[in-house]
Amino acid sequence: MGAIVEAIHLSKVFRVAKDRPGVLGALRGLVSREGRDITAVDDISFAIDTGEFVGYLGPNGAGKSTTIKMLAGILHPTRGEVRVEGKSPQRQRREVVRRLGVVFGQRTQAWWDLPVRDTLELLAAMYGVKPKEYRASLKRFDELLEIGAFLDVPVRKLSLGQRMRADLAAAWLHRPPVVFLDEPTVGLDAVAKRRVREFLKEVNRQEGTTILLTTHDMDDIEVLCSRVMVINHGRLVYDGDLTGLRRAVGAPSELRVEFAAPVGEPPSGPWTLVAQEGAAVTVAFDRSTVTAAEVISRLSRCGDIRDVYMAEPDIERVIEALYRQEGPGSHHAGQSRPPVDRRRALG
Amino acid sequence: MIALYLRSVQAALRAKMQYRTDFLTGLVLYGVLSATDFLMVAAILARFSRIGGWDVYEVGLLYGMASIAMGLYRTFGAELHAFERYLVYGEFDALLLRPWPTLLTLLGRSVEPERLGAVLQGAVILAVAGHRLVETGALSPLGLAYVAAGSLLGTLVPLSLSLITAAAGFWVVRIGDLQTFTMYAPVTASHYPLTVYPRWLRTLLTSALPVGFINFVPVQYLLGKGGGAWALWVSPLVVVGFALLAYGFWRLGERHYQSTGT
Amino acid sequence: MNAYILSAAKAYRRHLQYRAAHVVNNVASAIFGFMYIAIWQAATGGTAATGDYEATNMARWVAFNQAMLWAAVFLTNGLGIPETVRSGSVGVDMLRPVDYHLFVMTRELGTIGYNILYRCLPLAVVFGLVVGVQVPEQLVTYPLLLAAIALAIYNGLCLRYLIGISSFWTVQIRFANHLYYTLHTAFSGFLVPIDLLPPPWDTVARLLPFAPLHHDPARLYLELSGAEALAWPAGWAVTLTVLCRVLTNGARRRLEVQGG
């Protein structure tokens, strides 16, 4: 299957106006284009295939939002190009967004003072969804998201979780082949998070929706994403699957070995001892330098092994380690935005 | 596209009607309160009988037209009027995600029906003044029909001024202060015959801020106070042309937004 | 005492950031002024001098009041109280060891100070160049005028405070502001001197607290009235102060009962 979303040498440079003192300075600032350049996204290229579920990770200000905004046509790249189904969202904005779903976890798409149903009806009209398809979608959303219970409640009275479910329904109403999700689980409780994940998994599998998702919740990534891209300081520092990510970072895996009888001195080898309690020994080792089998076989020399437990490194720690690694683009400052908590209708 | 806009407006109205008492108080208040502007004009005219050769009914015609145009704009252009918020809080992004022209999506998102109170107030003053002028023979019935139609078309002028101001926001972000200059001042000025103003102000009000074409230019001819028959067809042309120009500027600003970010 | 001055200074500095945007606003204000002056000239031009309010006096009347708008009328809506009521932070504000009423009013003095320096004075210079400045003939006019302006500012502050504090009881604050501007237009005499209004409008206008914002100081400025023009504004200042205190106490009680 071919690439449905492509970023080709994508860069975005923001120009920040220099503050000048005084009235004259402020007036000059209006006309002059002098300022400081900030590279938010620095020469990023990737291709996402139809049906892929990609997690897009990075610390705050790394360039995640800027990338998504360029992919969705909200921003023009300074250099490079975006292709969604072969079209440029900048030059053919209306054609592209018709085939796109976008959810910003921080804001709702829904009409604040109206029941969810009204928003969905209006969106159906906007995207030209046929009445029959509309009814079918509504039924399906009720099965998957249980939105039927609050379809006639004004959006302002919904809980955060209900609102996110409504937003997901709104984004999928016109059955877009591509959906961008910006932190869809932010601020949700565990139950709501699980429901959102189940829905995403389902539509990705059944409808083949291509999904790009940004999140700070590593569980989202672990449960949902077959592929992970990591951006830091505006540069793509990793693109591959989760296992590869762990390997690339070289975060230690942990092995807990239970011997038949307590072993005397701590065994030494290409690992570090984490704990030793009676007959149980836990060691941490780097998978890129030594295999698990090798570690077990070396440990078995100390005594008879009764049981072995493997613990993969916590993805959260992997990412932390990755962020800490100073990339070549580390001199670029990221774009940070003030937190936006205004929840208005985005109809 | 129009159908979709109407649907949007319908939904926006439904949202508004959740607060029905607000709507009713607003309707009455806007109606009564806007009338004070005319009361001030009337007070001056009660004392001096004429301003620049125009009596209270003639000025009433100007006032009524401008009031209807501005009131309709404030009713249906509510979101555009509050556009600064979209730029400051980055809400403009959401408009770009819809498969429609951004302006259409924007305008459909909310209406302020209570502002129709001001329209009603303008219509009443227009009707009273028009009736009297037709009675005295100063204005032909056909002329009055032109005035009524001109008031409606005139809505395009404040709308276009607002559109240009909003589009300027794509560069300067803060447009609240600019609106006083581009909207409130010229619309207030159009309540009076433009001939009372110094030349530079009159020029401004018939060129860059063309509020003169809402009312003064055609009404001056209709009341036989100057100008030529050309005023009757030039005015709507200027109004429509200005609207197209404003929309072009809006499109330019939109592209600028996309290439610079918020 | 320090906290009051500091909050005023902060408000002043906050406005300082937007000086460039305010230049545009000043231009608009000046245009409004020129418009009104032209209208008055067109109205009075034909007739012979009409006593106190002939063309020159009216031009100066408009110019003076256009500048006064920024000192006494164009203040922060509800002095910023409605927002804090909505967000609930007013509870914290009222707990602070300062007098709430005094604190909110002095904070606004920073805005007024900024407005006087960057809006009133530039406007005064522009208008002065065009319509001339009225130089008082009597020395006593200076202190009287200063007192009248101070009273106008104080009364303007109190009125705004009353609107703001009323947001404890009503959410219709949007209409309150609109109502305030309308009453101001109709009854302050800033465009049409109250003496020129037809009865009974003029009588009502004389009684309401809007005349002290424009009509009374403008008459003093043009030396059409003497010290007696201060009596009514001073009376209103006392009355409004009492009203502010009563409503502040009411708001505090309401806060204690309902917890915001």
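We now turn to the structure provided with this report. The structure presented is a predicted model; accordingly, all values stated were derived computationally and were not measured.

Each value, and the rule that gives it
- Residues numbered from 1 in each chain as written.
- Chains lettered and ligands numbered in written order.
- Predicted model: local features only at pLDDT ≥ 70, side-chain atom pairs only at ≥ 80, totals over all residues.
- Heavy atoms only, no water.
- Helix = DSSP H or I, 4+ residues; strand = E, 2+ residues; numbered from the N terminus.
- Rg over C-alpha atoms; globule rule 2.2 N^0.38 Å.
- Contact = heavy atoms within 4.5 Å.
- Areas by Shrake-Rupley, 256 points an atom, 1.4 Å probe, with all protein chains shown as cover.
- Lys, Arg positive; Asp, Glu negative; His and termini not counted.
- Charge placed at Lys NZ, Arg CZ, Asp CG, Glu CD.
- Buried < 20%, exposed > 50% of the residue type's maximum accessible area, 1.4 Å probe, protein only.
- Polar contact = N/O pair within 3.5 Å; in protein donor to acceptor, adjacent residues only side chain to side chain.
- Buried area = accessible area lost by both parts, 1.4 Å probe.
- Salt bridge = Lys/Arg side-chain N within 4 Å of Asp/Glu carboxyl O.
- Nonpolar A, V, L, I, M, F, W, Y, C, P; charged D, E, K, R; others polar.
- Pairing = 2+ DSSP bridges.
- Axes fitted to C-alpha atoms, helices over the stretch in contact; angles between N-to-C directions.

Here's the deal with the overall build of chain C
Stage number 1. When helices and strands are counted, chain C shows eleven helices and zero strands.
Stage number 2. In chain C, the order of α-helices and β-strands from amino to carboxyl end is α-α-α-α-α-α-α-α-α-α-α.
Stage number 3. Radius of gyration (C-alpha) of chain C: 19 Å, near the 18 Å computed for a compact globule of 260 residues.
Stage number 4. Here the C-alpha coordinates of chain C stretch approximately 65 × 45 × 35 Å along the principal axes.
Stage number 5. Within chain C, contacts between residues at least 6 apart in sequence are counted, and of these 83% link residues at least 24 apart.
Stage number 6. By element, 68% of the accessible surface of chain C is carried by carbon and sulfur atoms, the whole surface being about 11,300 Å².
Stage number 7. When the 17 basic and 13 acidic side-chain charges of chain C are each reduced to a single mean position, those positions are 15 Å apart.

Digging into the side chain of A:D42
Residue and element names in this part refer to chain A.
Stage number 1. Along the chain, D42 turns up in strand β2 (residues 35–49).
Stage number 2. Judged by relative accessible area, which is 11%, D42 ranks as buried.
Stage number 3. Among the polar contacts listed, one links the side chain of D42 to the side chain of R235, at a separation of 3.1 Å.

Let's talk about the interface of chain A and chain B
Stage number 1. Residue-level contacts link 37 residues of chain A with 38 residues of chain B.
Stage number 2. Of the roughly 3,300 Å² buried where chain A meets chain B, counting both sides, 53% is carbon and sulfur surface.
Stage number 3. Area buried by chain A at its contact with chain B is led by A:I74, A:R93 and A:M126, which between them contribute 18% of it.
Stage number 4. At the junction of chain A and chain B, the tally comes to two salt bridges.
Stage number 5. For the salt bridge of A:D118 with B:R14, the shortest nitrogen-to-oxygen distance reads 2.6 Å.
Stage number 6. Along the contact surface separating chain A from chain B lie ten residue pairs in polar contact (both at pLDDT 80 or more).
Stage number 7. Mapped onto the side of chain A that touches chain B, the elements with two or more residues apiece are β1 (3–17), α3 (93–98), β5 (100–104) and α4 (116–126) of chain A.
Stage number 8. Of all the elements, α4(A) adds the most residues to the side of chain A that touches chain B, at six residues.
Stage number 9. Class assignment of the residues belonging to the side of chain A that touches chain B gives a composition of 19 nonpolar, four polar and 14 charged.

Description of the sheet that holds strand β12 (residues 280–285) of chain A
Residue and element names in this part refer to chain A.
Stage number 1. Reading across the sheet, the four strands line up as β11-β12-β10-β13 and stay open at both edges, with antiparallel pairing between neighbours. With one partner strand each, in any of the chains shown, β11 (272–277) and β13 (305–311) form the two edges of the open sheet. In this sheet, neighbouring strand axes are inclined to one another by 20 degrees on average, regardless of whether the strands run parallel or antiparallel.
Stage number 2. The pairing of strand β10 (residues 253–259) with β13 spans six bridges and is antiparallel. Looking at the pairing, V257 lines up with V308 of β13.
Stage number 3. Packing of helix α10 (residues 292–299) onto the sheet brings it into contact with β10, β12 and β13, and relative to β10 it is tilted by some 30 degrees.

A look at the pattern of salt bridges
Stage number 1. Under the definition given, this model contains 32 salt bridges over all chains.
Stage number 2. When the shortest N-O distance is used, the salt bridge between B:E79 and B:R85 registers 3.0 Å.
Stage number 3. By relative accessible area, B:E79 is classed as buried at 5%.
Stage number 4. Close ionic contact of B:R174 with B:E84 constitutes a salt bridge, the shortest N to O distance being 3.5 Å. Taken together, the residues span a long stretch of sequence, with B:R174 in the loop between α10 (156–172) and α11 (176–189) and B:E84 in helix α5 (residues 84–88) at a distance of 90 residues.
Stage number 5. B:R174 gets classed as partly exposed once you look at its relative accessible area, which sits at 43%.
Stage number 6. Through salt bridges with shared partners, a single ionic network connects C:D52, C:D195, C:D202, C:R206 and C:R219.

Keep in mind these numbers describe shape, not what the thing actually does.
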